[in-house]
Amino acid sequence: MNDARDVRVNEGPRRGRGGGLGRLGWDTREPPESAKCRELARPQQLRTATRAADHGVLLAPRVCAGPGQGRLRIGLAAPDRPAACPPRSAESARSLRGGESGWTPTGRTRAARPGERRAEHARRHPFRARRPARTNPRGRSRRAAHRRLAPSGPARDGGPRGPNLASGVAERAAGLAPADMQSEGGEGGLTFRGFRRRGRAPAERRRKLSARPARAREESAGRRAGERRAAGALAGRGGGRRGGGPRAAEAGRRPPCFPGRLGGSAPLLLATVALRTCNCFLVQTSFVPDEYWQSLEVAHRMIANYGYLTWEWTERLRGYTYPLIFASIYKILHLLGKDSVQLLIWTPRLAQALLSAVADVRLYSLMKQLGNQEVARWVFFCQLCSWFTWYCCTRTLTNTMETDLTVIALCYYPWGGSESTSSRKYSFLVALACVIRPTAAIPWAPLLCRHLWQEQRKLDLVLRCFLPVGFVTLSLSLIIDRIFFGQWTLVQVNFLKFNVLQNLGTFYGSHPWHWYFSQGLPVVLGTHLPFFIHGCFRAPKSHHILLVTVLWTLSVYSTLGHKEFRFIYPVLPFCMVFCGYSLASLAAWRTLALSFLLVSNALLALYTGLVHQRGSLDVMSHIQSVCYRSPHLPPASILVLMPCHSTPYYSHVHCPLPMRFLQCPPDLSGKSQYLDEADTFYLNPISWLHEEFHGNVSLPTHLVLFSVLEEEVRAFLSSRHYERTAVFFHTHWPEGRTGSHVCVYERKNNGMSSTR
């Protein structure tokens, strides 16, 4: 028994899945030949198996084309009975077998539509790599739906081709998959028997239907699955569909931003290292005292056994973990006999520049996996041309190390799901950053909460990952501080108690609560600010966790009275992500925007790195030359009459030269009218000098002071036979106690002077 109905394929475009192959229309002018089969009035009814009312068996679709009728007839016949197809012309048979793109079931020719062109391209070039398949809201691949209608490649055994375009239409409409194909009946007659329900075919069946080798198919499937998993990582979807093959599973387990050992290609890494090396030598100015007094000065004292430690070390607010890195470098130079002043100055900065270059490449690789190649390029460009990054990334600041460790830890962060190995790695980097600077926990708080929220086994994550890593890292810090302090000290608790609970940092200055939003972040971003604001609207919603991290960090720091630009440096790479999305969306104005960013940031970077506040470093080179003065002259001694910690100390002299500076420890005793030594001096400089130096015997041989102080102490200088021997430019923007030049005065016992 046969039940046939004419099917006509309209030529209008179809907007659903499967490309532009047209939509199915049904012509019901011809009544069914038998009433023992179900009436198939809608295409959806072909997607389910049809049982005959009186036979009780599954009927198989029969695909045939009538001669000259221009219609495709889809009939249902019992598997045990032959289904006769009317004879057709040789031309239609060739078209049906070959799947020619210009043939239509209605007999008219037309141009190939995009979906058919892709199918024909896939048939002719089965081994060519393809782009990742886009998915619809239901998660099913559009390309996979299109392949069901596309002609397949030649069989591996050299036999006839698989289902062609016409059979693909019927097969797609019926929702059934062929298990066998036979050629029977007349000239080119094709009949399909033994159909089974189409579902999730196993991997072996799909590999047999593919014209590509199994290895190439697995590689392509793994690559597409990894790209889909990375694209949906921030949204928490965790990856692509099932069945990607072993390479897909391996790609899913691999950390997202490590295609190589260093997260990028070797030429890119070498170019970035070369750029950061030039960056290191083009920054010859001072920023804040902590870049010397919290790192290099401590390391120099650990190795040379002379130097000076600030009050923070006597009060055990700082740990020795970070200075130990530079002390190791100093020790190696000492053992090699290469511990010259220039190497002691530049080697730690070069090491910091190398770590910053690695962090830059890791940021690029991370965005290449989470976003795309174009966005990654613009994020990398914004990171490299940022004037504040150029200004800070080679300095020996704890904030610089905190920023580098944060960026590297983001590469191990499980964006798309929990991975035990990567979770331990990023947890260790975060714990190390908190040991070096406890405030590193502030930007990581939202990210850690997100990881814990998405993790199904929360208790297992805390007990097997966070707690062991934190215990090991904290134990290492305790042991290092026990060796150098001589007693067990938890410096992280002392640091938080002083800066957060007691808020004693306001002794060094305070700002209003909105300072980070109104001045701090705009200055740090510079000309990137409009692109950051634009990128916040252009970036996908899955990246909003980064914006939340930035806003959270600014809000927490705003509650503290003492504020500095460098405190928000760790969130600057987060802001560069949004700047990259802004540049990626600017097609018409991109060249102008790139030129504007490059020129403006280059000018700021060169000025702040070579001109602004360079006098405090230049004067140390002059003091270093005093160490090797003639032995016939009295021993040299230095007194620095400048705001406390304005210059480096023994790390830039490397000579046991007697030196003294004005100290400014905060009030730890709770006095209401507390004045440090620097405040007392600037209240009445002449009176302070007369009280300190009663006779000429205890006078230092050299005085170092800013030009703004010269007029106030000129009488003392002339009465004690001091004459100016050197002047160094410092800044174009003098303010308060800071002058435009640094002056060096030398005492002449015989009344003779030499001016430089």
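For the structure itself, consult the block above.
Report on the accompanying structure. These numbers were taken from a predicted model, which means no experiment stands behind them. (Residues numbered from 1 in each chain as written. Predicted model: local features only at pLDDT ≥ 70, side-chain atom pairs only at ≥ 80, totals over all residues. Heavy atoms only, no water.)

**Description of the overall build of the protein chain**
Summing up its helical and strand segments, the protein chain has 29 helices and 13 strands in all. The 756 residues of the protein chain split such that 49% are buried. Once local pairs closer than 6 in sequence are excluded, the contacts in the protein chain between residues at least 24 apart make up 69%. By element, 58% of the accessible surface of the protein chain is carried by carbon and sulfur atoms, the whole surface being about 36300 Å². (Helix = DSSP H or I, 4+ residues; strand = E, 2+ residues; numbered from the N terminus. Buried < 20%, exposed > 50% of the residue type's maximum accessible area, 1.4 Å probe, protein only. Contact = heavy atoms within 4.5 Å. Areas by Shrake-Rupley, 256 points an atom, 1.4 Å probe, with all protein chains shown as cover.)

**Regarding the packing of aromatic side chains**
Within the structure shown, the criterion is met by 34 aromatic pairs. Seen from their ring centres, Phe281 and Trp346 are 5.1 Å apart, and the 35° between their planes marks the pair as tilted. With a gap of 65 residues between them, Phe281 in helix α8 (residues 266-281) and Trp346 in helix α13 (residues 341-370) connect regions that are remote in the sequence. Measuring from centroid to centroid gives 6.4 Å for Trp378 and Phe381, while their planes differ by 90°, and the two rings are edge-to-face. Residue Trp378 and its partner Phe381 are both found in helix α14 (residues 373-385); the two are separated by three residues, about one turn of the helix. Of the residues examined, Trp378 reaches a relative accessible area of 14% and is grouped as buried. In textbook terms, an aromatic cluster arises when at least three aromatic residues are bridged by ring pairs, as seen for Trp293, Tyr306, Tyr308, Tyr649, Tyr650 and Phe661. The ring of Tyr391 carries the charged tip of Arg395 above its face, separated from the ring centre by 4.4 Å. (Phe/Tyr/Trp six-rings, centres within 6.5 Å; stacked < 30°, edge-to-face > 60°. Lys NZ or Arg CZ within 6 Å of the ring centre and 35° of its normal.)

**Things to note about the sheet that holds strand β9 (residues 638-641)**
Read across the open sheet, the five strands follow the order β10-β9-β11-β13-β12; overall the sheet is mixed. For this open sheet the edge positions go to β10 (659-661) and β12 (722-729), each flanked by a neighbour on one side alone. Sheet twist, expressed as the average angle between the axes of neighbouring strands with direction ignored, equals 20°. Note: β12 against strand β13 (residues 741-747), seven bridges, orientation antiparallel. Bridging across to β13, Val727 finds its partner in Cys743. Against the sheet, helix α29 (residues 710-719) touches β11 (702-706), β12 and β13, its axis set at about 160° to β11. (Pairing = 2+ DSSP bridges. Axes fitted to C-alpha atoms, helices over the stretch in contact; angles between N-to-C directions.)

**Some words on unusual backbone geometry**
Residues other than glycine seldom take positive phi values, yet His654 does so here, at roughly 50°. Summarising the element assignment, His654 is placed in the loop between β9 and β10. Looking at His654, the relative accessible area reads 23%, which means it is partly exposed. Within the chain, His721 stands out as a residue other than glycine whose phi angle is a positive 65°. Along the chain, His721 falls in the loop between α29 and β12.

**Observations concerning helix α16 (residues 398-412)**
For α16, spanning 15 residues, the distance from its first C-alpha to its last is 22 Å, which sits close to the expected 21 Å at 1.5 Å a residue. Burial within α16 is extensive, with 15 of its 15 residues counted as buried. (Expected span 1.5 Å × (residues − 1).)

**Looking at the side chain of Ser558**
Secondary-structure assignment places Ser558 in helix α23 (residues 544-558). Beyond its immediate sequence surroundings of up to four residues, Ser558 is in contact with Trp513, Tyr516, Phe517 and Lys563.

**Some points on a nonpolar patch on the surface**
On the surface, a cluster of nonpolar side chains totalling about 460 Å² of accessible area is made up of Ile479, Ile483, Phe484 and Trp488. Residue position: Ile483 is located in helix α19 (residues 458-485). Judged by its relative accessible area of 60%, Ile483 falls in the exposed class. (Patch = residues over 30% accessible without salt bridge, like charges linked within 9 Å, V, L, I, M, F, W, Y side chains within 5 Å. Salt bridge = Lys/Arg side-chain N within 4 Å of Asp/Glu carboxyl O.)

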